[in-house]
Amino acid sequence: MSAPRVSFVSLGCPKALVDSERIITRLRAEGYEIARKHDGADLVVVNTCGFLDSARDESLQAIGSAMAENGKVIVTGCLGAEPDVIRQKHPNVLAITGPQAYESVMAAVHEAAPPAHEPFLDLIPPQGVKLTPRHYAYLKISEGCNNRCSFCIIPALRGDLASRPAADVLREAERLVKAGVKELLVVSQDTSAYGVDLRYATSIWQEREVRAKFLDLTRELGELGAWVRLHYVYPYPHVDEVIPLMAEGKVLPYLDIPFQHAAPAVLKNMRRPAHQEKTLERIRAWRAICPDLALRSTFIVGFPGETEGDFEMLLDWLDEARIDRAGCFKYEPVRGARSEALGLPEVPAEVKDVRWRRFMERQQKISAQLLRKKVGRRLPVIVDQSDGLTARGRTRYDAPEIDGTVRISSRRPVRAGDIVTVKIDAAEAYDLAGAVV
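Residues numbered from 1 in each chain as written. Predicted model: local features only at pLDDT ≥ 70, side-chain atom pairs only at ≥ 80, totals over all residues. Heavy atoms only, no water.

1. Concerning the confidence of the model for the chain
The pLDDT averaged across the chain works out to 91; a share of 95% of its residues lies at or above 70. Note on residues 119-123: pLDDT is under 50 here. Beyond four places in sequence and across chains, it has five contacts. (pLDDT = per-residue confidence, 0-100. Contact = heavy atoms within 4.5 Å.)

2. As for the pattern of salt bridges
Oppositely charged side chains may form a pair once their charged atoms are brought near each other. Under the counting rule described, the total for this entry stands at 34 salt bridges. The partner of Arg355 in a salt bridge is Glu306, and the shortest N-O contact between them spans 2.8 Å. Of this pair, Arg355 sits in helix H12 (residues 349-372) while Glu306 sits in the loop between strand S14 (294-301) and helix H11 (308-321), and the two are 49 residues apart along the sequence. Assigned by exposure class, Arg355 and Glu306 land together as buried. Two residues, Arg362 and Asp319, come together in a salt bridge whose shortest N-O distance is 2.7 Å. Here the residue Arg362 occupies a position in helix H12, and Asp319 occupies one in helix H11, the gap between them amounting to 43 residues. Residue class for Arg362 comes out partly exposed when judged on its relative accessible area of 27%. Sharing partners across several salt bridges, the network here consists of Asp19, Arg22, Lys140, Glu143 and Arg158. (Salt bridge = Lys/Arg side-chain N within 4 Å of Asp/Glu carboxyl O. Helix = DSSP H or I, 4+ residues; strand = E, 2+ residues; numbered from the N terminus. Buried < 20%, exposed > 50% of the residue type's maximum accessible area, 1.4 Å probe, protein only.)

3. Quick look at the packing of helix H1 (residues 14-29) against helix H4 (residues 102-112)
Interhelical geometry of H1 versus H4 gives an angle of 45 degrees and a closest axis separation of 10 Å. Overall, the two elements H1 and H4 adopt an arrangement that is oblique. H4 is crossed by H1, and the crossing has right-handed handedness. Along the contact surface, H1 presents Asp19, Arg22, Ile23, Arg26 and Leu27, while H4 presents Tyr102, Glu103, Val105, Met106 and Val109. Of the residues that constitute the contact of H1 with H4, the class distribution is six nonpolar, no polar and four charged. (Axes fitted to C-alpha atoms, helices over the stretch in contact; angles between N-to-C directions. Parallel < 35°, antiparallel > 145°, perpendicular 65-115°, else oblique. Left-handed = near helix turned anticlockwise from the far one by under 90°. Nonpolar A, V, L, I, M, F, W, Y, C, P; charged D, E, K, R; others polar.)

4. Side note on the sheet that holds strand S2 (residues 33-35)
Here five strands make up an open sheet; going across it, the order is S2-S1-S3-S4-S5 and the pairing parallel. With one partner strand each, in any of the chains shown, S2 and strand S5 (95-96) form the two edges of the open sheet. Pairing between strand S4 (residues 73-77) and S5: two bridges, direction parallel. Bridging across to S5, Ile74 finds its partner in Ala95. The strands that H1 touches are strand S1 (5-10), S2, strand S3 (43-48) and S4; relative to S1, the one it contacts most, it runs at about 175 degrees. Contacts from helix H2 (residues 53-69) reach S1, S3 and S4 within the one sheet, and its direction differs from that of S3 by about 180 degrees. (Pairing = 2+ DSSP bridges.)

5. Description of the packing of helix H10 (residues 279-289) against H11
Packed helix pairs are characterised by how far apart their axes lie and by the angle those axes make with each other. Packing of H10 against H11 leaves a shortest axis separation of 11 Å and a crossing angle of 15 degrees. As judged from the angle between their axes, H10 and H11 are roughly parallel. For the crossing formed where H10 meets H11, the hand is right-handed. Where H10 approaches H11, its residues Thr279, Leu280, Ile283, Arg284 and Arg287 are matched on the opposing element by Trp317, Glu320 and Ala321. Its residues assigned to classes, the contact of H10 with H11 comprises four nonpolar, one polar and three charged.

6. Brief notes about the packing of aromatic side chains
Tallied over the entire structure, the rule returns eight aromatic pairs. Note on Phe151 and Phe303: the rings are 6.5 Å apart at their centroids and 80 degrees apart in plane angle, and the pair reads as edge-to-face. Taken as a pair, Phe151 in the loop between strand S7 (142-143) and helix H5 (154-158) and Phe303 in the loop between S14 and H11 lie far apart in primary sequence, 152 residues in all. Between Phe303 and Tyr331 the ring centres are 5.2 Å apart and the planes differ by 75 degrees, which places this aromatic pair in the edge-to-face class. One end of the pair, Phe303, is in the loop between S14 and H11; the other, Tyr331, is in the loop between strand S15 (325-330) and H12, with 28 residues separating them in the sequence. Just as Phe303 is buried, Tyr331 falls in that class too. In this structure an aromatic cluster arises from ring pairing among Phe259, Phe299, Trp317 and Phe359. In this arrangement the basic side chain of Lys330 is found over the ring face of Trp356, its NZ or CZ atom lying 5.4 Å from the centre. Against the face of Tyr136 rests Arg394, its NZ or CZ located 5.5 Å from the ring centre. (Phe/Tyr/Trp six-rings, centres within 6.5 Å; stacked < 30°, edge-to-face > 60°. Lys NZ or Arg CZ within 6 Å of the ring centre and 35° of its normal.)

7. Details of the side chain of Thr97
Inspection of the secondary structure puts Thr97 in the loop between S5 and H4. Under the relative-accessibility criterion, Thr97 is labelled buried at 7%. A polar atom in the side chain of Thr97 sits 2.7 Å from the side chain of Thr76. (Polar contact = N/O pair within 3.5 Å; in protein donor to acceptor, adjacent residues only side chain to side chain.)

8. A word on the environment of Ile141
Of note, Ile141 is situated in the loop between strand S6 (136-140) and S7. Along the chain, Ile141 and Ile424 lie 283 residues apart, while their C-alpha atoms are 34 Å from each other. The contacts of Ile141, once residues within four sequence positions are left out, are Ser163, Arg164, Val169, Val186, Val187, Ser188, Thr191, Tyr194 and Leu217.

9. Side note on H2
The end-to-end C-alpha distance of H2 is 24 Å, a good match for the 24 Å that 17 residues give at a rise of 1.5 Å each. Taken residue by residue, H2 has Ala55, Arg56, Ser59, Leu60, Ala62, Ile63 and Ala66 as its buried positions. Axial view of H2: buried residues confined to an arc of 155 degrees, hence all on one face. Away from its buried face by more than 90 degrees, H2 exposes Gln61 and Ala68. Buried residues belonging to H2 abut S1, S3, S4 and helix H3 (83-89). (Expected span 1.5 Å × (residues − 1). Arc of directions from axis to C-beta.)

10. Regarding unusual backbone geometry
One non-glycine residue, Glu207, adopts positive backbone phi at about 65 degrees. With respect to the secondary-structure elements, Glu207 resides in the loop between strand S10 (202-205) and strand S11 (208-211). The backbone of Gln260 shows a phi angle near 70 degrees, a positive value even though the residue is not glycine. Tracing the chain through its elements places Gln260 in the loop between strand S13 (254-256) and helix H9 (264-270).

Laid out in structure tokens, this is it:
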């Protein structure tokens, strides 16, 4: 009897990608084959995103495509928390589960396509099946979020903060590094709140106790010998404690902080956590400790009630903060988000468009200026793609898929996953170019 074949669609953020990896690892452990196409597979699993209306539409379209090409579809992920929305559009899906519902997904798969044989866990690698390239991996340290930002429905979809014990995270990280992973990308909904729900309880790692705390976990990850990159960090005061680890080279000098805005009135309406009024002061203090620190962030323009004065304040803040990398989104209404019930005046679509363009033009100038300062420097670069003597990679200041890249030339072949020293010869608005030395 041949093994059942499952086609898989993974949508959404890196945290959802980790969920997909866990489900696929379970499928492979039980002998299922992962099909490249819906047509001919025994069933399709669609891991959805439901954060924005545009993401919901994309998820519903992916479900529709799977139904048209295969007909046997199991839906999971964030949009799965709203089964009525899915059933209204696609009433004949086999099953719907919410995010992180791994057991429910597997039960639905078993019912639709029973496994061909008993599982043997040694059929899969110890680190599990990864959907990222072999040399980097996302490491999810917690689920959910305790914040109640008015534009966000993640807590409603994924629940409150639920941190993993430090030893569990470190064991997974160690397995990944032993399997050849060179870069660990730490992700969660609120990374700097890690362990609050556990009251920073200790767990045993390598015969000693390690607290479930942001600083302690980061310090231990920094001892594993891989690049450690911190994502989705809110600028709480205790984040200051991690900056010396970056200055010492224990973890990458990189923080991904979703600032979202700078105007106090907008931040108040967004109900953003942390001491936003002290953000510039905190950034200056961080750079005094670690001058090499790179900051990336995301911002929203056109939030309800945002005035031209609020937006000008954001542009002035950008000039002063000198963020290395910034993404900007035009506010989208989200069904179920409290921002829709605040009674604030909507920002017209054409105004959103203009503000988005102005933001991106301002940030592009800042990014280009900062990148020009790297010309002439010799920087470690991790290779993501290679054609032998030409390749693309990233510096310590750039995360995969969201930040810039380095075009690399070399006199000897380089491979994906290599970390090479590159002399930077040229800088563009977002990318660099150089040669291996």
